[in-house]
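# Coordinate analysis (summary)
Each chain, letter by letter, is given below.
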Amino acid sequence: MELHSFPIVERYEDLVDLRESSDDMILAAMDVENVDHPGCGTTSKLGKLSEVGIAALDTRKLGGTLDEASFAEVAKAIQARHTVVGKWSHIDKHTCPSNKGWHKKTGTPHIAEPYDCQFAKTKLVATGELAITQASEFLGSMANWNQQGPAGSAGSRYTNVLFWDAHLEMGTFAESHTYSHLKPNHSYHDLQKFQPIKYRWNFTAAKLKSQPGCKDLLQSLGLLDVGGTGVYLHNACNDAVMELLAYCRLLKLSEDEWETWIDGYNLPPVTIPNLFDATALEANRQLGESQTARAKSKAKAFKTLPAPAENKAQETTKPQSQGKRKQRAQNRIYLTF
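In this report, we go over the structure that sits alongside the text.

Thresholds applied
Residues numbered from 1 in each chain as written. Predicted model: local features only at pLDDT ≥ 70, side-chain atom pairs only at ≥ 80, totals over all residues. Heavy atoms only, no water. Helix = DSSP H or I, 4+ residues; strand = E, 2+ residues; numbered from the N terminus. Contact = heavy atoms within 4.5 Å. Areas by Shrake-Rupley, 256 points an atom, 1.4 Å probe, with all protein chains shown as cover. Buried < 20%, exposed > 50% of the residue type's maximum accessible area, 1.4 Å probe, protein only. Arc of directions from axis to C-beta. Polar contact = N/O pair within 3.5 Å; in protein donor to acceptor, adjacent residues only side chain to side chain. Patch = residues over 30% accessible without salt bridge, like charges linked within 9 Å, V, L, I, M, F, W, Y side chains within 5 Å. Salt bridge = Lys/Arg side-chain N within 4 Å of Asp/Glu carboxyl O. Lys, Arg positive; Asp, Glu negative; His and termini not counted. Charge placed at Lys NZ, Arg CZ, Asp CG, Glu CD. Axes fitted to C-alpha atoms, helices over the stretch in contact; angles between N-to-C directions. Parallel < 35°, antiparallel > 145°, perpendicular 65-115°, else oblique. Nonpolar A, V, L, I, M, F, W, Y, C, P; charged D, E, K, R; others polar. Phe/Tyr/Trp six-rings, centres within 6.5 Å; stacked < 30°, edge-to-face > 60°. Lys NZ or Arg CZ within 6 Å of the ring centre and 35° of its normal.

Broken down by element type, the chain carries 13 helices and six strands. Relative to all contacts within the chain whose residues are 6 or more apart in sequence, the contacts with residues 24 or more apart total 77%. If you sum the accessible surface of the chain, you get close to 17,000 Å²; carbon and sulfur atoms cover 51% of it.

As structure tokens, then:
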């Protein structure tokens, strides 16, 4: 598995060519989050994996070409899925045990919001390896989606998978060895390296400070408040959907919008009513509360466990002060993150 280069897009005519070549394919985006501070018990990307989000657009379901469909129709045709790894399911920016330690000392807050998914109901899986395996299987299955297309196009589908700053995703895939699920007719691209984005922000290897964040791209395209109430970023599913939305917005720019945007000006805000799934968001937040409560309950129960009987017998032959110190040590719980 390796990253591919985007087709060259230097002029509006090149963008039109890219839009037309994207018809009849599946466009997808994937984002992962991990527990990003020392002390979590592992240095591997797979071991620190806490969330996986995937968004996908089957262009055959638009009822026409990307050019013919409205942007609202494109946005509402995107399907999403979100997975949280059970090992880290009780940790968010409010509950992270390192908030008063490493995060505070370094000034880098815990930013992941695992239970703010606005596009799908969150599912829990036991391990990071299982989460990435299921993601690979889902991406691989896209080649078989809706295979009966226009005349001459039946058969295995071509899928374009997007990442944003792909180092984490590619590193996680490399550790998981799940390539067998991925298909040769899939291509993988780092949206941050899309030529128009690099040109607009004058981003080169020698000018890393000009490298835009995904939020910068969304703001420039008028997408930060696309659902009418704002999107919660740093949730793997929300980020994946917004990355895909941003790419589709770029593909569908009119010539006037292209000239405005590529010259460094932001486009007017876009609002699509009922884009977010309020029911899913409420269910996800309840799931988060239950995971936090469950973790606290387990910690409390562990703290109140009595010492083993054999240790109690040994303590009776020692001075009481030493026995109390040992008792406290036995009952203390160490949570390492």
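Moving on from the model shown.
Attention shifts here to the pairing of strand β6 (residues 186-190). Summarising burial for β6: five of the five residues are buried, a large majority. The two faces of β6 match: H186, Y188 and D190 on one face and S187 and H189 on the other face are all buried.

Time to look at helix α10 (residues 255-262). Among the residues of α10, W258, W261 and I262 are the ones counted as buried. Taken around the axis of α10, the buried residues stretch over an arc of 90 degrees, which confines them to a single face. Directly beyond the C-terminal end of α10, a positive phi value near 100 degrees is found at G264.

Moving on, we come to the side chain of D58. Relative to the assigned elements, D58 resides in strand β2 (residues 49-58). Taking the relative accessible area as the measure of exposure, D58 reaches 2% and is therefore buried. Polar side-chain contacts of D58 include one of 3.0 Å to the backbone nitrogen of R60.

For the rest of this paragraph, the subject is a negative patch on the surface. Together, E13, D17, E20, E255, D256, E259 and D263 give the surface a local cluster of negative charge. Locating E259 in the fold gives a position in helix α10. Using a relative accessible area of 38% as the deciding quantity, one classes E259 as partly exposed.

With that settled, the discussion passes to the packing of helix α1 (residues 12-22) against helix α9 (residues 236-251). Running from N to C, α1 and α9 point in directions that differ by 120 degrees, and their axes come no closer than 9 Å. It follows from the interaxial angle that α1 and α9 lie oblique. Across from L15, L18, R19 and S22 in α1, the residues of α9 making contact are Y247, L250 and L251. Considered class by class, the residues forming the contact of α1 with α9 number five nonpolar, one polar and one charged.

Moving on, we get to the packing of aromatic side chains. Per the stated rule, a full pass over the model turns up eight aromatic pairs. Taken together, a centroid distance of 6.1 Å and an interplanar angle of 75 degrees make the contact between W201 and W261 edge-to-face. Here W201 is found in the loop between α7 (195-200) and α8 (214-220), whereas its partner W261 is found in helix α10, with 60 residues between them in sequence. You'll find W201 and W261 in the same group, each marked buried. Every member of this aromatic cluster is reached through a ring pair, and the members are F6, F194 and Y247. The positively charged end of R81 is found above the aromatic ring belonging to F138, 4.4 Å away from the centroid. Looking at R249, its charged tip hangs above the ring of F71, at a distance of 5.9 Å from the centre.

Here we take up the environment of H234. Tracing the backbone shows H234 in the loop between α8 and α9. We classify H234 as partly exposed; its relative accessible area is 36%. Separated by 122 residues in sequence, H234 and A112 have C-alpha atoms that sit 5.0 Å apart. The residues contacting H234, other than those within four sequence positions of it, are E33, E51, I111, A112, E113 and D239.

For the structure on display, the rule yields six salt bridges. With a closest N to O distance of 3.7 Å, R19 and D67 form a salt bridge. Of this pair, R19 sits in helix α1 while D67 is found in the loop between β2 and α3 (71-76), placing the two residues 48 residues apart along the sequence. According to the relative accessible area criterion, R19 is buried, its value standing at 6%.

What is shown is where atoms sit, not what they do.
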